[in-house]
Amino acid sequence: MSPHQPYRGRLLALSFLLLFCAAPTPGDIGSCGQTPTSLDAGRFFAKKDAIDCAQCSSCRFRTEACLRACAAGNSAQTFPVGCVPLVHDGQVCLHALEVASCESYARYVREVLPEVPTECNFCPAL
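Read on for a plain summary of the structure. (Residues numbered from 1 in each chain as written. Predicted model: local features only at pLDDT ≥ 70, side-chain atom pairs only at ≥ 80, totals over all residues. Heavy atoms only, no water.)

**So, the packing of aromatic side chains**
Scanning the model with the defined rule gives 6 aromatic pairs in all. Centroid distance F79 to F122: 5.9 Å. Interplanar angle 80°. Geometry classified as edge-to-face. On the criterion of sequence distance, the pair formed by F79 in the loop between α3 (64-70) and α4 (87-98) and F122 in the segment after α5 (102-108) is long-range, its members being 43 residues apart. With 5.4 Å between their ring centres and 65° between their planes, Y105 and Y108 make a pair best called edge-to-face. Linking Y105 with Y108, this pair stays in helix α5, spanning 3 residues, or about one helical turn. Taken together, F44, F45, F79 and F122 form an aromatic cluster joined through their ring pairs. (Phe/Tyr/Trp six-rings, centres within 6.5 Å; stacked < 30°, edge-to-face > 60°. Helix = DSSP H or I, 4+ residues; strand = E, 2+ residues; numbered from the N terminus.)

This is the structure in structure tokens:
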């Protein structure tokens, strides 16, 4: 038995401990160092409505969802009870909507069973 073998075991254990303790906490990945701040529903939905309206106009959609988004002062929506998305979540959602194709947007604003983009599905389990 080598005199260095007990140290190898300790070094290996220390390496694993460091690896798991130094890793980012869940939710920190992709937040770019922002402090976790709750998303303001009024501001978020006003921006979302503006993007929805612009995309509907650009893609020439005339669904109820498009008409609601383009109606003045229609941002009185709220998040479901218990759903508290962060500002970063809202930023990711709005960016996804801004870059969505007309084909994707057609699914988001269709009359029957509209889809919610994955990036905007803040609290799917509620």
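**Section: the environment of F122**
Through-space distance from the C-alpha of F122 to that of D89 is 7.3 Å; in sequence the pair is 33 residues apart. Setting aside residues up to four positions removed in sequence, F122 forms contacts with L39, F44, F79, C83, P85, D89, G90 and C93. (Contact = heavy atoms within 4.5 Å.)

**So, helix α2 (residues 41-59)**
Over its 19 residues, α2 extends 26 Å from the first C-alpha to the last, a length consistent with the 27 Å expected when each residue adds 1.5 Å. Here α2 has its buried residues at A41, F44, F45, D49, I51, D52, C53, Q55, C56 and C59. Turning to α2, the residues buried within the fold contact α3, α4 and α5. N-cap assignment for α2: the residue whose side-chain oxygen lies 3.3 Å from the backbone N of G42 is D40. Once α2 finishes, R60 follows within two positions and takes phi at roughly 60°, a positive value. (Expected span 1.5 Å × (residues − 1). Buried < 20%, exposed > 50% of the residue type's maximum accessible area, 1.4 Å probe, protein only. Polar contact = N/O pair within 3.5 Å; in protein donor to acceptor, adjacent residues only side chain to side chain.)

**Remarks on the packing of α2 against α4**
Geometrically, a packed helix pair is captured by the angle between its two axes and the distance between the axes. Taken N-terminus to C-terminus, the directions of α2 and α4 make an angle of 10°; their axes are 10 Å apart at the nearest point. Regarding the angle of α2 to α4, the classification is roughly parallel. Judged by residue contacts, F44, K47, K48, I51, D52 and Q55 of α2 engage G90, C93, L94, L97 and E98 from α4. Looking at the contact of α2 with α4, its residues break down into 5 nonpolar, 2 polar and 4 charged. (Axes fitted to C-alpha atoms, helices over the stretch in contact; angles between N-to-C directions. Parallel < 35°, antiparallel > 145°, perpendicular 65-115°, else oblique. Nonpolar A, V, L, I, M, F, W, Y, C, P; charged D, E, K, R; others polar.)

**Here we look at α4**
Every α-helix carries 3.6 residues per turn, so stepping three or four residues along brings you back to the same face. Over its 12 residues, α4 extends 17 Å from the first C-alpha to the last, a length consistent with the 16 Å expected when each residue adds 1.5 Å. Taken together, the buried positions of α4 are G90, C93, L94, A96 and L97. Along the axis of α4, the buried residues cluster in a sector spanning 160°; they form a single face. (Arc of directions from axis to C-beta.)

**Topic: the pattern of salt bridges**
Counted according to the given criterion, the structure contains 3 salt bridges. The partner of K48 in a salt bridge is D52, with the nearest N and O atoms 2.7 Å apart. With K48 and D52 both in helix α2 and 4 residues apart, the pair spans about one turn of that helix. Overall, the relative accessible area of 22% leaves K48 in the partly exposed class. Judged by its relative accessible area of 8%, D52 falls in the buried class. The partner of E115 in a salt bridge is R110, with the nearest N and O atoms 3.4 Å apart. Judged by relative accessible area, E115 falls into the partly exposed class, the value being 33%. Here R110 falls in the partly exposed class, since its relative accessible area comes to 34%. (Salt bridge = Lys/Arg side-chain N within 4 Å of Asp/Glu carboxyl O.)

Geometric descriptors of this kind do not, in isolation, establish any biological role.
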